[in-house]
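# Observations on the model geometry
Now for the letters of each chain:
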Amino acid sequence: MSADVPFGPVGIIDIGSNSVRLVVYGGSERVPSILFNEKVMAGLGRSVGADGRMDEEAMAMAIEALGRFRIVTRRIGVKRLRTVATAAVRDAENGPEFLAAARKLGLKPRLLSGEEEAVGSAYGVISAIPEARGVVADLGGGSLELAVVGGGVVSEATSLPLGVLRVGSPADEKAIAAELGRALSGGALAEAARGEGLYLVGGSFRAVAMLDMELARHPLPIVHAHDIKEARLRALEKHVRAYPDGDGQHYGPISSQRIPHLPAAIAILRQLGRKLQPASITTSAYGLREGLLYGDLPARRRGEDPLLAEALEVGRRLGRFGDHGALLDQWIAPLFKDDSVDAARLRLAACLLGDIAWNAHPDFRAERAVDLAVHGNWVGIDAQGRALLGRALYTAFGGNGGFDKRLRKLLAEGDEDRAECWGRAIRLAQRLSAGTEALLKRTAIGMEDDTLVLTVPERRRAMVSEAVLKRLGQLGEAMGRESAVRYA
């Protein structure tokens, strides 16, 4: 794992059945950040199911958006621009006419097959959730893409004409069930999610997740990695039936343009649950566009842990004296031999971010660290993991007793004590070494006969100041141990 060299800006124009969108990415190659994001709800797929053609008004709106996007990408200085078109253009009789108009603007649109679209979306999920195993479902305006994932590969993919613009209003669930039944008959897709995961991609599915979080008053409404319980779908359906006018006060942060498609998305999701019988239903913030970027990476970069890769990049960029997070974790690791693999991974992420808030006002460094940890551009982590990371950094940057009560609700039993100990250990190491790698390498810490022992070379006695002893004592107290310094 190594810090990224900025790779952007790169842009992707996604011509979908519901929206036409430009996203410009920059920052980390493994976990790209969005520099610019704009969409136009052109609705190219509105009429394709009825008469086989995209209507002229929708095409004109889309072409106008593409013209603006072409100008914007030039001014931003996009190094590489990719334009892809999906179901509406793929299925419409006048699709070639639309693509020709796009080419006149200087774009080079590529028409993706249904299978290519499904594979791209599946790669997006793998990029953000490397351990994903089961079925990826990408719901758009004109189609539903399904793909089998596991072990970092895509093994089967298909595309169905079940987009939110095609299933009717109200959605015909019998027709949806029949279409899914035909598609799943005899293939690996039928069994791939049973007892495994169903991973949701697409704006309409994300809107369903956002509604679920809104109604449940989730303390951290970040849609990525949010699990939707299948039993909750009935309550969501009742809500959208009760408030069909799309009044914003009943839908929280959901875009007013997405609200009309919620009934169809819920109906499709319910049928997917019945047919696939997954053990969990998880929302992914990454989809086709991120999958296209992931597909460009060499195998070595694909295999990197996305959370740790991004934490390394952020820590390197925001730290004072260069990256030393991995060494910091190695230094404190002897104190936490009982940490599980998952816990040790989050501890390493906390160490990689252990110097990110130094330039904030001293009175607000803890709050700044929590904000970056909890709301950062992370994938490969769920809400509980974000809260645990935030709790560790809250202590590492001097926070005492005022951790957000809402975030605390996300922590499992024992998480808060564990995170506080991590934070105390990081805080001690940073004070001892002045945030530098060279000084930290000259010392060690460990447990000896239930005593926390800091070992310092005899000739480096001066490193052990009153402030260091205070932090050592605080760490020992948090761990329920006596503490001592040994000069060797």
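Everything quoted here is computed from the prediction, not taken from an experiment. (Residues numbered from 1 in each chain as written. Predicted model: local features only at pLDDT ≥ 70, side-chain atom pairs only at ≥ 80, totals over all residues. Heavy atoms only, no water.)

## Re helix H11 (residues 288-296)
Taking burial as the measure, the 9 residues of H11 include 7 buried ones, the bulk of the element. Contact partners of the buried residues in H11: strand E1 (10-15), strand E2 (20-27), strand E3 (32-40), strand E4 (80-85), helix H5 (114-128) and helix H12 (299-302). (Buried < 20%, exposed > 50% of the residue type's maximum accessible area, 1.4 Å probe, protein only. Helix = DSSP H or I, 4+ residues; strand = E, 2+ residues; numbered from the N terminus. Contact = heavy atoms within 4.5 Å.)

## What about the pattern of salt bridges?
In the structure shown here, the tally under the stated rule is 35 salt bridges. Where Glu-416 meets Arg-391, a salt bridge forms, and the shortest distance between an N and an O atom there is 2.9 Å. Pair noted here: Glu-416 is in helix H19 (residues 415-433) and Arg-391 is in helix H17 (residues 383-396), with a separation of 25 residues, a long-range link. Notably, a salt bridge pairs Asp-404 with Arg-406, separated by 3.0 Å at the nearest N-O pair. A network of salt bridges, in which partner residues are shared, links Glu-173, Arg-234, Glu-237, Arg-241 and Arg-270. (Salt bridge = Lys/Arg side-chain N within 4 Å of Asp/Glu carboxyl O.)

## Some points on unusual backbone geometry
Cis geometry marks the peptide bond from Ser-169 to Pro-170; its omega dihedral reads 0°. Locating Pro-170 in the fold gives a position in the loop between strand E8 (153-160) and helix H6 (173-184). If you check the backbone angles, Arg-217 has positive phi at about 55° while not being a glycine. Note that Arg-217 resides in the loop between helix H8 (203-215) and helix H9 (233-242).

## What to know about the domain arrangement of the protein
The domain architecture assigned to the protein consists of domain 1 (7-112), domain 2 (115-290) and domain 3 (305-487). Taken together, the contact between domain 1 and domain 2 spans 24 residues of the former and 19 residues of the latter. The tally of links between domain 1 and domain 2 comes to 5 salt bridges. Residues Asp-91 and Arg-166 are paired through a salt bridge, measuring 2.8 Å at the closest nitrogen-oxygen approach. On inspection of domain 1 and its partner domain 2, the count reaches 8 residue pairs in polar contact (both at pLDDT 80 or more). Residue assignment for the side of domain 1 that touches domain 2 shows that the elements contributing at least two residues are E1, E2, E3, helix H3 (87-91) and strand E5 (109-111). Looking at the side of domain 1 that touches domain 2 residue by residue, the class counts come to 11 nonpolar, 5 polar and 8 charged. (Domains from an automatic or database assignment. Polar contact = N/O pair within 3.5 Å; in protein donor to acceptor, adjacent residues only side chain to side chain. Nonpolar A, V, L, I, M, F, W, Y, C, P; charged D, E, K, R; others polar.)

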